[in-house]
Amino acid sequence: MFMSLQVQKKKYKKAKDLGAKGGVLYTSKDWSNQLFKLTKNKTIDVVIDGSVGPNSWNHYIRIMSGGGKLVFYGATAGAPEQLDVFRAFLKQISILGCTMGSDKDFKDMLDFVSEKKLKPFVEAVYPFDQSEAAVLSMDKGVHFGKIAIEIGKEVENKSKL
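All of these numbers come straight from a predicted model, not from anything done at the bench.

Description of the sheet that holds strand β5 (residues 94-97)
Picture the strands of a sheet paired through backbone hydrogen bonds; they go either parallel or antiparallel.
Inference 1: With respect to topology, three strands assemble into an open sheet ordered β3-β4-β5, the strand pairing being parallel. The sheet is open, and its two borders are formed by β3 (44-49) and β5, each paired with just one other strand. On average, each strand axis in the sheet is tilted by 10 degrees relative to the strand beside it, whichever way the strands run.
Inference 2: Where strand β4 (residues 64-72) and β5 come together, four bridges link them in parallel fashion. Its bridge partner lying in β5, Lys69 is registered against Ser94.
Inference 3: Contacts between helix α3 (residues 56-63) and the sheet are confined to β3, β4 and β5, with β4 contributing the most and set at about 150 degrees to the helix.

Structural data, given as C-alpha cells:
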C-alpha cells in the first residue's frame, strides 16, 4: 500500500509504522510522478480517495492500470476541475462513488469491526465543551488519525430534556 499525504512528513512516518510501503506529499507539484517512481514504475490498480480535490483525478488516472478502480467517498477538498475522460475510458477505469450505506450496511460494518477486533487510530479525544477546538484541529490538517468528541452523561441527559 502506498499513500499520498497532506503537508506533514510526520504523518508519513506514522503511516509507514502502520504498514504502508511508501508515500508522497500530495502538495508537491509532481506527487503523481513521485508515487509512480515509488511503485518502481508499476501502475496502480485501486485508488481510494476521501477528499478528491481539483487536480487529483487526472493524476490518478495517468498512473493507474488498465481496468483500475478509482473509489471516492468524499470531496472535502473540492470537485475535480476537469476529468480526462479519454484516458479514463481508453484505460477502462471504473469510477465508483461510495456513500455511508444503509442501516444494515452500518450494522454489518460494526459486526465486522467487532469480530476482527479492528481498532481505529484515534489522534485525539476532545470533551464536548471543546468541540470548536476539535474542529479547528481538524481544519489545520495536522492530525493523523480520527478526532473524537466525547459526550458525557450530563450532556446526554440535558439533550433529552
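Overview of the environment of Lys42
Inference 1: Along the polypeptide, Lys42 turns up in the loop between α2 (31-38) and β3.
Inference 2: Expressed as a C-alpha distance, the spacing of Lys42 and Ser65, which sit 23 residues apart in the sequence, is 8.2 Å.

Quick notes on α2
Inference 1: For α2, the full list of buried residues reads Trp31, Ser32 and Leu35. The arc enclosing the buried residues of α2, seen along the axis, measures out at 95 degrees, which places them on a common side.
Inference 2: Downstream of α2 by one or two residues, Lys40 has phi in the positive range, about 60 degrees.

Here we look at the packing of aromatic side chains
Inference 1: Considering all chains together, one arrives at three aromatic pairs under this definition.
Inference 2: For the ring pair Phe86 and Phe89, a centre distance of 5.9 Å and an interplane angle of 65 degrees mean the geometry is edge-to-face. Within this pair, Phe86 and its partner Phe89 are both found in helix α4 (residues 85-90), separated by three residues, close to a single helical turn.
Inference 3: Residue Phe89 is classed as exposed on the basis of its relative accessible area of 53%.

What to know about the pattern of salt bridges
Inference 1: Counted according to the given criterion, the structure contains four salt bridges.
Inference 2: Note that Asp108 is salt-bridged to Lys104, the shortest N-O span being 2.7 Å. With Asp108 and Lys104 both in helix α5 (residues 103-116), this residue pair falls four residues apart, about one helical turn.
Inference 3: The class for Asp108 is partly exposed, based on a relative accessible area of 35%.
Inference 4: Judged by its relative accessible area of 55%, Lys104 is exposed.

Reading the values: the criteria
- Residues numbered from 1 in each chain as written.
- Predicted model: local features only at pLDDT ≥ 70, side-chain atom pairs only at ≥ 80, totals over all residues.
- Heavy atoms only, no water.
- Pairing = 2+ DSSP bridges.
- Helix = DSSP H or I, 4+ residues; strand = E, 2+ residues; numbered from the N terminus.
- Axes fitted to C-alpha atoms, helices over the stretch in contact; angles between N-to-C directions.
- Contact = heavy atoms within 4.5 Å.
- Buried < 20%, exposed > 50% of the residue type's maximum accessible area, 1.4 Å probe, protein only.
- Arc of directions from axis to C-beta.
- Phe/Tyr/Trp six-rings, centres within 6.5 Å; stacked < 30°, edge-to-face > 60°.
- Salt bridge = Lys/Arg side-chain N within 4 Å of Asp/Glu carboxyl O.

Functional significance is not addressed by these values, which are geometric in nature.
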